[in-house]
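Observations on the three-dimensional arrangement
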Amino acid sequence: MKRLAILGSTGSIGTQALEVIAAHPELFAVEVLSAHSNAVLLTEQAKRFRPNAVVVTDTTKYEVVKRALSNLPIKVFSGAESLTEVVRWDSVDTVLGAIVGFAGLHSILAAIDAGKEIALANKETLVVAGEIVMAHAAEKRVRIIPVDSEHSAIFQCLAGENWHTIEKVILTASGGPFLGKKTNFLVNVKASHALQHPNWTMGAKITIDSATLMNKGLEMIEAKWLFGLKNEQVEVVIHPQSILHSFVQFNDGSIKAQMGLPDMKLPIQYALAFPHRLQNDFKRFNFRDFNKLSFDQPDLKTFRNLALAKEAMEKGGNMPCILNAANEIVVQAFLTNRVGFLEMSEMIEKTMEKISFVSSPSLQDYEHSDHEARIYAAELVKNGQLSVY
Ligand code: NDP
Ligand code: MG
């Protein structure tokens, strides 16, 4: 029996993880659930899964959650610091990091510190502070099992292989809803268009990141740290059908891929059950339904966020942290129709130019850069003078 802390249980990954858990009550027990402000869903989940504790990080929601669970033996905590405490409990074996954004970093670091196994969906943790996170995990002998589908694919391809024999990894990207479009089209798109992803149903932030290809840029940085690769060993290919979830090419030229229908429950289940595979009734891929699986180069000129993320990866230091912070701000602004689709790249680039570069940042430096970059990007959004197209 694995006892789990599900951080971000009310999100897209969190709710799908609970479906996986509900299908295998003999294998998984829920010890902790956390949400930011969705008190209604959090209490519903708590009544069903009976964790030892719930954390609602938005402190204004504490009373309502506390009252709703007052008849049950479930501890209720509030505030971001509570997350870093509950993940350390002896009764927790594995922590699923499914919070979105920089907000997920500290609880994962605390869980690593306490020696917990990590199932990691929150890619921003590795984008921002991958070097520190992976070094800490190595020191504590903590396993980080990827949940992100591309990284799960690579991880599955690496089973039984020597990681030193990786020549390169190739991440597949669906291309999102605007694949093949040019700037004259993108200049007019609104959040409602960008939220229509062709293959995956996900939280709002990652759905916008998929439409801008920032998601793939973040995933390149995530892959670099997870698998200990050099920048030039991480590539991206557009694969609109999202059936091949990524490739590993080994030093003898052999390529392995993992494939299946796009359904996040599979990588979530793989990460939670690792090292075992569990039988399930998820829909199966049928070759007859796909007479063509295609591959293409990403259009870095149109989808500049991917180029910016590559640049940040190559520059290193606090640059990916700055990129991520600016991106979180502009995506939020785009979702509320305060900036245009193409302006997002402009504002991220300007923020990367503005914030001081630190080549070997400490955790404090990352916090500082994140803070500075958010303030600067928010100012750009407020002034909104960047309509260059
Ligand atoms: P969602 O937006 O659907 O869910 C985010 C979760 O985090 C919710 O439970 C939310 O609580 C909580 N949360 C939001 N802000 C904070 C905060 N400041 N402090 C604490 N908790 C917070 O996101 P997704 O599930 O789509 O994504 C989660 C992570 O997984 C992201 O890093 C994403 O990149 C990654 N991922 C997601 C995939 C997907 O298919 N969705 C695929 C691969 C990776 P509340 O509901 O109360 O707001
Ligand atoms: Mg992914």
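See the structure shown above.
Reference entry: report on the structure contained in this document. Every chain begins its residue count from 1, and numbering advances along the sequence as written. Lettering of chains starts at A and numbering of ligands starts at 1, both following the order in which they are written. Restriction of local features to residues with pLDDT of at least 70 applies here, the model being predicted, together with a cutoff of 80 or more for giving and counting side-chain atom pairs; totals for whole chains, interfaces and linings are based on all residues. No hydrogens and no water enter the side-chain calculation; it runs on all heavy atoms of the structure.

**Details of the pairing of strand β8 (residues 166–173)**
Across the 8 residues that make up β8, a large majority, 7, are buried. The rule for pairing is simple: two strands pair if DSSP sees at least two bridges between them. Helical segments are the DSSP runs of H or I of at least four residues, strand segments are the runs of E of at least two, and each set is numbered from the N terminus. Bridge count for β8 against strand β10 (residues 244–250) is 5 bridges, and the pairing is antiparallel. Bridged to I166 within β10 is F250. Burial status follows relative accessibility: with a 1.4 Å probe on protein chains alone, a residue under 20% of its type maximum counts as buried, one over 50% as exposed, and anything between as partly exposed.

**Observations regarding the site of ligand 1**
Whether a residue is near a molecule or strand depends on its heavy atoms: it is near if one of them lies within 4 Å of it. Within the structure, ligand 1 sits among 24 residues, and T10, S12, S37, N38 and E124 are positioned closest to it. Counting of polar contacts relies on pairs of N or O atoms within 3.5 Å, with two restrictions inside protein: one atom must be capable of donating a hydrogen and the other of accepting it, and residues adjacent in sequence are counted only when both atoms are side-chain atoms. S12 is positioned such that a nitrogen or oxygen atom in its backbone is 2.9 Å from an oxygen atom of ligand 1. Contact between ligand 1 and S37: an oxygen atom at 2.6 Å from a main-chain N or O atom of the residue. All accessibility values rest on the Shrake-Rupley procedure with a 1.4 Å probe; residue burial counts only the protein chains present in the view. Across the complex, the protein chains shield 85% of the 900 Å² of accessible surface that ligand 1 would expose by itself. Each residue gets one of three labels, nonpolar for Ala, Val, Leu, Ile, Met, Phe, Trp, Tyr, Cys and Pro, charged for Asp, Glu, Lys and Arg, and polar for the others, Gly among them. Class assignment for the residues of the shell around ligand 1 results in 10 nonpolar, 11 polar and 3 charged.

**What to know about the sheet that holds β8**
The 4 strands are arranged β9-β8-β10-β11 in an open sheet whose pairing can be described as mixed. One side of each edge strand has no neighbouring strand; the edge strands of this open sheet are β9 (234–238) and β11 (255–259). Neighbour to neighbour, the strand axes of the sheet diverge by 20° on average, direction disregarded. Along the sheet, helix α7 (residues 149–157) contacts β8, β10 and β11; its crossing angle with β10, the most-contacted strand, is approximately 40°. Comment: axis = line fitted to C-alpha atoms, over the contacting stretch for helices; angle = value between 0 and 180 degrees taken between N-to-C directions. Contact between two residues is taken to exist if any of their heavy atoms lie within 4.5 Å; hydrogens are not considered.

**Regarding a negative patch on the surface**
Patches draw on residues past 30% relative accessible area with no salt bridge. Two like charges within 9 Å are joined, as are two nonpolar side chains (Val, Leu, Ile, Met, Phe, Trp, Tyr) within 5 Å. By convention in these notes, a salt bridge is any Lys or Arg side-chain nitrogen within 4 Å of a carboxyl oxygen on Asp or Glu. Charge counting follows a simple rule: Lys and Arg are positive, Asp and Glu are negative, and His as well as the terminal groups are ignored. Each charge is placed at NZ for Lys, CZ for Arg, CG for Asp and CD for Glu. The grouping of E232, E311, E314 and E353 at the surface amounts to a negative patch. For E232, the position within the fold is in the loop between α11 (214–226) and β9. Since its relative accessible area comes to 59%, E232 is described here as exposed.

**Overview of the packing of α11 against helix α13 (residues 304–315)**
Viewed as axis vectors pointing N to C, α11 and α13 meet at an angle of 25°, and their least axial separation amounts to 7 Å. Relative to α13, the element α11 is oriented roughly parallel. Crossing geometry of α11 relative to α13 is assigned as right-handed. When α11 is examined against α13, the residues M214, K216, G217, L218, M220, I221 and K224 are found in contact with a partner set consisting of N305, L306, A309, K310 and M313. Our angle categories are set so that under 35 degrees counts as roughly parallel, over 145 as roughly antiparallel, 65 to 115 as roughly perpendicular, and the remainder as oblique. Each helix crossing is assigned a hand: it is left-handed if the near helix lies turned anticlockwise from the far helix by less than a right angle, otherwise right-handed if that turn is clockwise.

**Concerning the environment of I243**
Inspection of the secondary structure puts I243 in the loop between β9 and β10. For I243, a relative accessible area of 0% puts it in the buried group.

**Here's the deal with the pairing of strand β1 (residues 2–7)**
Within a regular strand, side chains alternate between the sheet's two faces. Within β1, 5 of the 6 residues are buried, which leaves the element mostly enclosed by the surrounding structure. Here 6 bridges tie β1 to strand β2 (residues 28–35), and the two strands are oriented parallel to one another. Bridging across to β2, I6 finds its partner in L33. Bridge analysis of β1 against strand β5 (residues 94–97) gives 4 bridges, and the strand direction is parallel. Considered in β5, the bridge of L4 is made with T94.

**Examining the pattern of salt bridges**
Applying the stated criterion across every chain yields a total of 20 salt bridges. Note that D93 is salt-bridged to R3, the shortest N-O span being 3.0 Å. Here the residue D93 occupies a position in the loop between α4 (80–86) and β5, and R3 occupies one in strand β1, the gap between them amounting to 90 residues. With relative accessibility at 26%, the residue D93 sits in the partly exposed group. Note on R3: relative accessible area 32%, which makes it partly exposed. Because the salt bridges share partners, they merge into one network encompassing K123, D148, E150, K216 and E219.

**Quick look at the coordination of the magnesium ion (ligand 2)**
The donor set covers N, O and S atoms within 2.8 Å of the metal, switching to 3.2 Å for Na, K and Ca, and it leaves out water, so a site may look short of donors. The coordination sphere of the magnesium ion (ligand 2), as far as protein atoms go, consists of D148 (OD), E150 (OE) and E219 (OE), spread over 2.1 to 2.2 Å. Expressed as a motif, the donor residue spacing for the magnesium ion (ligand 2) is D-x1-E-x68-E. In this pair, E150 sits in helix α7 while E219 sits in helix α11, placing the two residues 69 residues apart along the sequence. Taken as a pair, E150 and E219 share a single burial class, namely buried.

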